[in-house]
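Reading the structure
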Amino acid sequence: MITYKQASTMEELEQILALQQLNLIKNISAEERKNEGFLTVEHDMDILKAMNDVCGHIIAVEDDQVVGFALCMHRQFAESIELLQPMFEEIDKVIENKNGYMAMGQICVAKSHRGRGVFRNLYLTMKEKLPEGIDTIVTEVEGKNTRSLAAHAAVGFKTINVYPSGELEWHLIILQ
């Protein structure tokens, strides 16, 4: 049975990083990127823990193993990850209430658990666990990650902006 909760131990954070490594764009084949999606940002333990201390990351756990995660990234971390700085700049252009949203810094489901509703339940749990006064989730998806774009649309995300950053095209999406 899969349970959903906020990460609360170092072991859970270590399992997030291990699952992340298995799904980074640099660690998977081109075919897998196209069919399964991919992760772009690689976190280190220091930033992952700091983000978790502000708002616990959402995890899916089965048999004491993290099988999915959605990282909560409070606005105070806007400058912490260089690749994500343009996302926060774009958010500032289109979101009026700068304190009324939580950025979802990355979502991932273990290959063994895809197609079982884990993605949707991670977001449902995230919405339930948002700090008081925050009612919106914002994230971005790289344009070539069509599986992720489709999955986000299926749970209710709407595109609010498409913009280039470096050589990539990003879709800024929102769930209210």
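Provided above is the structure to which this section pertains.
Below: a short report on this structure.

What counts and how
- Residues numbered from 1 in each chain as written.
- Predicted model: local features only at pLDDT ≥ 70, side-chain atom pairs only at ≥ 80, totals over all residues.
- Heavy atoms only, no water.
- Phe/Tyr/Trp six-rings, centres within 6.5 Å; stacked < 30°, edge-to-face > 60°.
- Disulfide = S-S within 2.5 Å.
- Buried < 20%, exposed > 50% of the residue type's maximum accessible area, 1.4 Å probe, protein only.
- Helix = DSSP H or I, 4+ residues; strand = E, 2+ residues; numbered from the N terminus.
- Contact = heavy atoms within 4.5 Å.
- Polar contact = N/O pair within 3.5 Å; in protein donor to acceptor, adjacent residues only side chain to side chain.
- Pairing = 2+ DSSP bridges.
- Axes fitted to C-alpha atoms, helices over the stretch in contact; angles between N-to-C directions.

With that settled, consider the packing of aromatic side chains. In this description, a pair of aromatic rings is defined by centroid distance and the angle of the planes. What the rule picks out here adds up to 2 aromatic pairs. Through successive ring pairs, a cluster of aromatic residues spans F119, Y123 and F157.

Below, the discussion takes up the state of the cysteines. A complete count under the given rule lists 0 disulfides for this structure. Between C55, a cysteine without a disulfide, and C72, which holds the nearest cysteine sulfur, the sulfur-to-sulfur distance is 3.8 Å. The buried category is assigned to C55, whose relative accessible area is 5%. Cysteine C108 is unpaired, with the sulfur of C72 as its nearest cysteine sulfur at 15 Å.

Moving on, we get to the environment of N23. Tracing the backbone shows N23 in helix α1 (residues 10–23). The residues contacting N23, other than those within four sequence positions of it, are I28, F38, L39, C108, K111 and R114. A polar atom in the side chain of N23 sits 2.9 Å from the backbone oxygen of L19.

Before going further, it helps to examine the side chain of Q20. Mapped onto the secondary structure, Q20 falls in helix α1. One polar contact links the side chain of Q20 to the main-chain carbonyl oxygen of V41, over a distance of 3.3 Å. Ignoring sequence-local partners within four residues, the contact set of Q20 consists of L39, V41, E42, H43, F69 and Q106.

What follows is about the sheet that holds strand β4 (residues 101–109). Pairing is mixed in the open sheet, where 7 strands are placed in the order β1-β2-β3-β4-β5-β7-β6. Taken across any chain shown, the strands that pair with only one partner, and hence form the sheet edges, are β1 (3–6) and β6 (158–165). Recorded for the sheet is a direction-independent mean angle of 25° between the axes of neighbouring strands. Inspection of the sheet shows β6 paired to strand β7 (residues 168–175) by 7 bridges, in the antiparallel sense. Bridging from a neighbouring strand, N161 pairs with L172 of β7.

Even without being a glycine, D63 presents a positive backbone phi close to 50°. Judged by its relative accessible area of 71%, D63 falls in the exposed class. For D64, which is not glycine, the phi dihedral falls at a positive 60°. By secondary structure assignment, the location of D64 is in the loop between β2 (58–62) and β3 (65–73).

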